[in-house]
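Below, each chain spelled out in residue letters.
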Amino acid sequence: MEHHEVTLRDCLCKRSVRVGAFQRYQEVVHAGGAQIFVVFDGDEHLGLVSDREAALFPNRIFADLVTRRPPTPLHEGDAIMHALDRLESEEREFLQLVDTNGDFIGVVSRFSIIATLIEHERLLRSRLEDLLSEYRDELDHHRIAASVFEATSEGIMVTDAEQRIVMVNRAFRETTGWGEDEVIGETPRLLHSGRQDEDFYAAMWQSLKQTGAWEGEIWNRRKNGEVYPEFLHINAIRDDEGEIRHYAGVFSDATRIREMRERLRHLAYHDALTDLPNRKLFFDRLEHAIAQARRHEKGIGLFFIDLDGFKEINDTLGHLVGDRLLQAVAETLVDSVRETDTVARLSGDEFTVFAAIDDGEGGLVAVAEKLVAALNRHFRVDERRLFVSASLGISRYPEDGEDAQSLLMAADNAMYKAKGDGKGCYRFYSATSHGQFMQRVRMTGELRQTLEQREIQVVWQPQVDLASGRIVGAEALARWTGADGRNVPPDTFIPLAERSGLIRELGCQVLERASREIAQVFAEFPLLTERFRFAVNVSPAQISTRTRSNASSGESVDAILEVFRTMGLAARQAEIELTESAFADRSDIETALGRIGAAGIHIAIDDFGTGCSNLATIKQLPITKLKIDRSLVTDAVNDRADREIATAVVGMGRGLNLEVLAEGVEDHEQAELLRRLGCDTAQGYLFSRPLPLPDFREYVRENLRQTAN
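Now for a quick tour of the structure. (Residues numbered from 1 in each chain as written. Predicted model: local features only at pLDDT ≥ 70, side-chain atom pairs only at ≥ 80, totals over all residues. Heavy atoms only, no water.)

Some thoughts on a negative patch on the surface
Thought 1: On the surface, D284, E287, E402 and D403 cluster together into a negatively charged patch.
Thought 2: Summarising the element assignment, E402 is placed in the loop between strand 14 (384-397) and helix 13 (404-420). (Patch = residues over 30% accessible without salt bridge, like charges linked within 9 Å, V, L, I, M, F, W, Y side chains within 5 Å. Areas by Shrake-Rupley, 256 points an atom, 1.4 Å probe, with all protein chains shown as cover. Salt bridge = Lys/Arg side-chain N within 4 Å of Asp/Glu carboxyl O. Lys, Arg positive; Asp, Glu negative; His and termini not counted. Charge placed at Lys NZ, Arg CZ, Asp CG, Glu CD. Helix = DSSP H or I, 4+ residues; strand = E, 2+ residues; numbered from the N terminus.)

Let's talk about the packing of aromatic side chains
Thought 1: Following the criterion strictly, the structure yields eleven aromatic pairs and no others.
Thought 2: Through successive ring pairs, a cluster of aromatic residues spans F200, Y201 and W214.
Thought 3: Over the ring of Y685 we find R689, and its NZ or CZ is 4.2 Å from the ring centre. (Phe/Tyr/Trp six-rings, centres within 6.5 Å; stacked < 30°, edge-to-face > 60°. Lys NZ or Arg CZ within 6 Å of the ring centre and 35° of its normal.)

A closer look at unusual backbone geometry
Thought 1: A cis amide bond links Y397 with the next residue in sequence, P398, at an omega value of 5°.
Thought 2: In this structure, Q163 takes a positive phi of about 70° despite not being glycine.
Thought 3: Inspection of the secondary structure assignment puts Q163 in the loop between strand 5 (155-160) and strand 6 (165-168).
Thought 4: The backbone of E297 shows a phi angle near 55°, a positive value even though the residue is not glycine.
Thought 5: Assignment of secondary structure puts E297 in the loop between helix 9 (279-296) and strand 10 (299-308).

Some points on the environment of L364
Thought 1: In this structure, L364 sits in helix 12 (residues 360-375).
Thought 2: Look at L364 and you get buried, because its relative accessible area is 0%.
Thought 3: Along the primary structure L364 and G301 are separated by 63 residues, whereas in three dimensions their C-alpha atoms are 6.6 Å apart.
Thought 4: What L364 contacts, discounting residues up to four positions off in sequence, is G301, F303, I357, I394, R396 and F428. (Buried < 20%, exposed > 50% of the residue type's maximum accessible area, 1.4 Å probe, protein only. Contact = heavy atoms within 4.5 Å.)

Some words on the pairing of strand 20 (residues 574-579)
Thought 1: Burial analysis of strand 20 places five of its six residues in the buried class, the great majority of the element.
Thought 2: The pairing of strand 19 (residues 533-537) with strand 20 spans four bridges and is parallel. Within strand 20, the residue paired with V536 across the bridge is I576.
Thought 3: Examined bridge by bridge, strand 20 and strand 21 (residues 602-608) share five bridges and lie parallel to one another. In the strand pairing of strand 21, I576 is matched with I603. (Pairing = 2+ DSSP bridges.)

Concerning the sheet that holds strand 7 (residues 213-221)
Thought 1: If you walk across this open sheet you meet the five strands as 6-5-9-8-7, and the pairing is antiparallel. Of all the strands in the sheet, just strand 6 and strand 7 have a single pairing partner and so form its edges. Averaged over all pairs of adjacent strands, the angle between strand axes in this sheet comes to 25°, irrespective of strand direction.
Thought 2: Judged from the nine bridges that link them, strand 8 (residues 227-238) and strand 9 (residues 244-253) form a sheet pairing that is antiparallel. Bridging from a neighbouring strand, A236 pairs with Y247 of strand 9.
Thought 3: Lying on the sheet, helix 7 (residues 198-211) is in contact with strand 7, strand 8 and strand 9; it crosses strand 7 at an angle near 150°.
Thought 4: Of the strands in this sheet, strand 7, strand 8 and strand 9 touch helix 8 (residues 255-269), which is tilted by about 130° from strand 8. (Axes fitted to C-alpha atoms, helices over the stretch in contact; angles between N-to-C directions.)

Taken by themselves, the reported measurements are silent on function.
Right, dumping it as structure tokens:
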């Protein structure tokens, strides 16, 4: 083909045309190529762009041009067409240039010759490189944004102003099960579960229109029909004129969070080991049952059940076996009563059952005999056949009491009568069973005398760093030897002390004895790590906001601080432990704990995970440690639910910058699991049983020797 020289101006139209959005592409230049688009605006040369370069522009305007033909005749391009006719080109195609709104911009000519444009080559090539670099940066920005949009773990859905879906990401597709091609053009109604009514959605859209945002929990439906909860945040996206163009919804599947929340709520009212109602739920249900019985003039029977010989099994075979035996007993009790009856575990090996009765004492006897027969047998636990029996005490509403506490005390007294009569049997509450109550009164007197003579002892259970095996602390545990020379278990005398009002004095003496003994240990082993702390259990009744004048009674915080000063101990070396239930009424101890924390004493929540957890309490009070209850540790290796809860507690503790200690660690598998989860320290029979002071000092000596390197 012969090349003809022609000036660019010869090809320009003298009439002015609108350029609209195309002004941002001024001076688009040509770097070479077979096809060239010449763009004109009036008598000004806008630029030259090849096919290859046109494809690089993000709005694809040039790619659209090559497939579009102008109307005939061209309304605003006649002069240009006339000028271009002067070029002796065998291939010409004139296309109308429009923007995305359809407005006319100009005319381009596609032709296969290059006229006298060589003189512009250097300028054009340089300008093109600058422009293409700018567009490449813009493309990179869009590409990064698109990658983040697609890769984020939260589901994202974008709709237009009419609520038609225009874009979804990978997390949306994975969570809902809907493919992109299945939802584009649809409305979010596709996901509605039916759990929220029209008023709910009306309020949502009203909020969006008024404030431009909405967030909350909503139930949606997956493609497979499964309904699930999600946390959803919606924002309205406006243009430069303030008009809403799109809505962007970001959501996360709340199924696991709700399950964990329900699990924690369940634990607040259920025993963690057996999953039976705990003491709190038991009293709530019994009070409700009494109110119903009073209204309808019905009767209620309450059975107080205590296992015979359980302590020996627990002491000789270990707590793990004991716990599994309790679980088997709980299952047996549930299977032995009606669904309308309530079975609860109060503490240790004490259970209760209450039921509405219509046939008087005969009905109670039938239930009691069934329970005794079900429990007086061998239980198979870990390939062992363990025999236990049960002693039952029975009280009746309204004959033996008109409130929950009175009925429980009466059944408790009757249970002691059953034990005194040979165990493995049941007895009704009567005046004669009151003798069992008198026995407890006698024990209370003995405990009072022991405290007056300051004969309460303590033993020490080491606390070990899971990573290094080094001892980093020890818990002081109270021990009491009765008048008959036998050791009274803590789960017997501590409740006795609480009921009799002796718990304050008991706690004060344990604190003093523990402080005196640990001071001797520090003097003998100055190389104990700075991290070492000794822990003492404190009853909520032992802490109050009373004045300094009452400190001698053990009721004030000043008494605790005075003990440490007297023994020459630094506050940072001490740690007080309160059970999780102590925080149920935070107002009663908040000020005292604030003073304790301000003094530098560490504060631990004992038995965490078994009471009514209030996370706000942990955040707002000066808590420094969480002690995971042994019931959550026992089956953590094999039980997924317990492992998930332990994982959550450890994660929460570390997130709040709290130390986490696991109780009841009895084997290496448990210790290794806890270490992997990030648990800091542990105590349990794997490391040592509770030890009297001489044995504990020997343990410390040996541990420091073994971990010296």
